[in-house]
Every structure is written in C-alpha cells, then in structure tokens.
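Geometric and topological summary
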Amino acid sequence: MPTPFRVACYLPRALIASALVLLALGTSPARAVAEDVKLTAEQARNLGIRVTHPVPSPTDKTLPYPAQIVIPTPQLWVVSAPVAGMVTNLAVGRGDRVTTGQPLLTLDSPSFVSLQREYLHALAQEVLAAQQLKRNADLFDGKAVPQRVLESSQAEARQASIVVAERRQMLHLSGLSDDAIARLTNEAAISATLTVNAPQAASVVEIAVSPGQRMEQSAPLVKLARLSPLWVEIAIPATNIGAIKIGAKVEIDGYPTPGRVILVSETTDAATQTILVRAEIPNNGELHSGQTAAARIGFISAGESAWEIPYSGLVRRGEQTSIFVAIEGGFRQVPVTLLAEDQDHVVVSGPITERNDVAVGGISALRGILLRLGQ
C-alpha cells in the first residue's frame, strides 16, 4: 500500500488545498453541510477565490446573439413571363418601390398576338352560335324542325360561350385588364406588345432579365417583396433554448422598435448544435434584408430576475448549473437556471441579488472541498 505522502503526490493541487483547509478548520466531513464550504477570509485569499456582484440583466434579456434579417417568405412574389417573348424595355430598377398595376417591363410576343386572335375568333363563333340558336328556336316554335335540332343548337351555343370564357381568362393570365379586353372586343385592335405590371405594392429586390433577352413562358422576370415586417433569424445554442418561448420580446441592438418570437424550431442543427428562433419585427426602413445584427431575447418566466456574471463563475454538473455565493463564514453552492451564455458571460436566474458576492475565481478549490465533504 502506498504511503499517504505518495497518495498526496498524485492528487491535483486543488484537492491538496482542500485537504489543508479542512485540517486547518478542524472540520470533519460528517459535520459539514453538503452545499456549504466553511472558509475564513484569509483561507479564501490563499485559495485564490475572487468574487464579484451579479449585474441585473437589462430588462431580463439574453446576451446578444448573432442574427440575420430576412424577408418573410409570404411577402415574396416572383413575376414571371405570362407568354413567350422578347424583353424590349425595363421600367424599374432594383430597390425601386412600385404600386399596384405599375408597369415593370414590356414584351414583344407573337404568342400574345395568337391569344388575342383566338379570343376574337371565339367571340365571332359565339355570335354565330347564338344566331343559329335563335333561328332554330323560331323554327321549332313553327314546328319546322324537330326538338333534337333545337337541343343541338343550344349545346353549340353553350360550348361557344365556354370557349370565349376560356380565351378571356387566358388574356387575363397574360396581364390584360378588363378595360383592355373590352377595348380589344370593341376595336379588334391586336397588339404585339404586352406590358407586365406589378401585382401589388412592393419593392423590387431582384431583376432576372435585361432588354433584348428572349424569355420562355413562365420564366422569372422580377422578384418583388414587401419589406415590413421582416424576420429575424437567430441560432440559439441548444443548451439555452429552454428560456425562450413564443411571444418573447426581441430587440435588435441599435434599432428602436422591438419584435416578437414567432417560432422556436423543434429540430436542432446537427453541425452547430443550435436551434432556429425566428422573430417578426416591424421595419421603419432602417433594417435591410441580408443584414446581420445582434439580437437580445426577453425571458418568459415566473417573475424571476435575471443576472449576468462572468462565465468563470458558472458550475456545471451534467445538465445542472449552480454558482458559489458568499455567506457568513464561507460559501454556499446555489442552483441556478442558465438562460444565456457566450464565451465571456452567462445570464442566470435564481435566488440571488445584486448585493451577493459570487465566486468567479478559485472555483476548482471550492468544488474540491465539496467533493471531500460529500464523501
């Protein structure tokens, strides 16, 4: 069996210091309280224990997390080519704000000419079918034709009306308004030029074409977006996600208007071990899509205060977290809830105040003493 001296030589320095303190105090493990460490001020100094006061976390918010500003997907629209053709003119540029019905660009399109011709032809067929139906109805009344002839004329008239409705809808899809279709109906003036208009008020975020470019039907032309509100997407470490709830207040550093959490993802990014938190925030024009920012998230809690301390003061044991708080004649290990952390600081909630002294140095020595007391 090795001698006590040999055993002591293999112990970490923190445990040696712990043993010396216990001997100096004359305290046996059986009489010690499991979460309390009895120390005099001189012994604490000798063990290198440093303390600080916890700082109230501003309005109970997390430490700043990196965030990205993005456009909400329901507020994005892609204006595509209604017919195949060539872009002859662009009426807007990237970043422009447009109103509902404002021209975006013009196309020269043989397909558009065909749509108009087919519509006018369908109108003419509808007129002929209506006239034929009237004649056959008169003849049927005079018992000059059988009923089946009248029914055949009625079916042809209905079919002609259906074709007109179909051709009219095709013109609507190509971008023609009801007024433009009415003018085409009355004047039969076929045009090869089609103006593509904005479907609603928005901002131009991307232009996918240039003048002279030939486009197939449904090819993307212009991307529009409504830029208020915007989304703030924040990657939160999985260990901190428990403090963040739907509806929590979110503030962007340097931006006056707060937002609210609308999503806490149920999945974790395997590569970064973070969870996506999405907030919605009104935009007064100072926020821009693609911008990075620092975001603070408010806690939804049962009225507990939040405190910021240096990272070195946090004690972890599995998923449990605690701190050492100075008491008369030593220190007490106090369980706390970890709300946020970065490489320098943590935010916790628990039964402490700004008047408490929290150990931020010599933590290993305090833990070593507790390990000896718990034996």
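That block above? That's the structure.
First things first, this report covers the structure right here in the doc.

1. Focus: the sheet that holds strand S7 (residues 97-98)
Overall, antiparallel pairing links the four strands, which are arranged S5-S12-S10-S7 in an open sheet. Every other strand in the sheet has two partners, leaving strand S5 (76-80) and S7 as the edge strands with one partner each. Where S5 and strand S12 (residues 220-225) come together, five bridges link them in antiparallel fashion. Looking at S12, one finds that Trp77 is bridged to Leu224.

2. Some remarks on the nonpolar core
Core analysis: the largest hydrophobic core is formed by 31 residues, its most contacted members being Val232, Ile234, Ile236, Val277 and Ile297. Counting residues per element, the ones that place at least two in this core are strand S4 (65-70), strand S13 (230-237), strand S14 (249-252), strand S16 (274-281), strand S17 (292-297) and strand S21 (330-341). In this view, Val232 contacts Ala67, Gln68, Ile69, Ile252, Val277, Arg278, Ala279, Ile281 and Ala295; residues no more than four positions away in its chain are not counted. Grouped together as the second largest cluster of nonpolar side chains are 19 residues, Leu104, Ala198, Ala219 and Leu221 included.

3. Details of the pattern of salt bridges
Evaluation of the coordinates by the stated rule reveals nine salt bridges. A salt bridge links Glu118 to Arg117, with the shortest nitrogen-to-oxygen separation between them at 3.9 Å. Classification of Glu118 as partly exposed rests on a relative accessible area of 25%. Of the charged contacts, one joins Lys249 and Glu251 as a salt bridge, the two residues approaching to 3.5 Å between their closest N and O atoms. One continuous salt-bridge network, built from bridges that share partners, spans Arg117, Glu118 and Arg167.

Procedures and definitions
- Residues numbered from 1 in each chain as written.
- Predicted model: local features only at pLDDT ≥ 70, side-chain atom pairs only at ≥ 80, totals over all residues.
- Heavy atoms only, no water.
- Pairing = 2+ DSSP bridges.
- Helix = DSSP H or I, 4+ residues; strand = E, 2+ residues; numbered from the N terminus.
- Core = buried A, V, L, I, M, F, W, Y, C linked by side-chain atoms within 4.5 Å.
- Buried < 20%, exposed > 50% of the residue type's maximum accessible area, 1.4 Å probe, protein only.
- Contact = heavy atoms within 4.5 Å.
- Salt bridge = Lys/Arg side-chain N within 4 Å of Asp/Glu carboxyl O.

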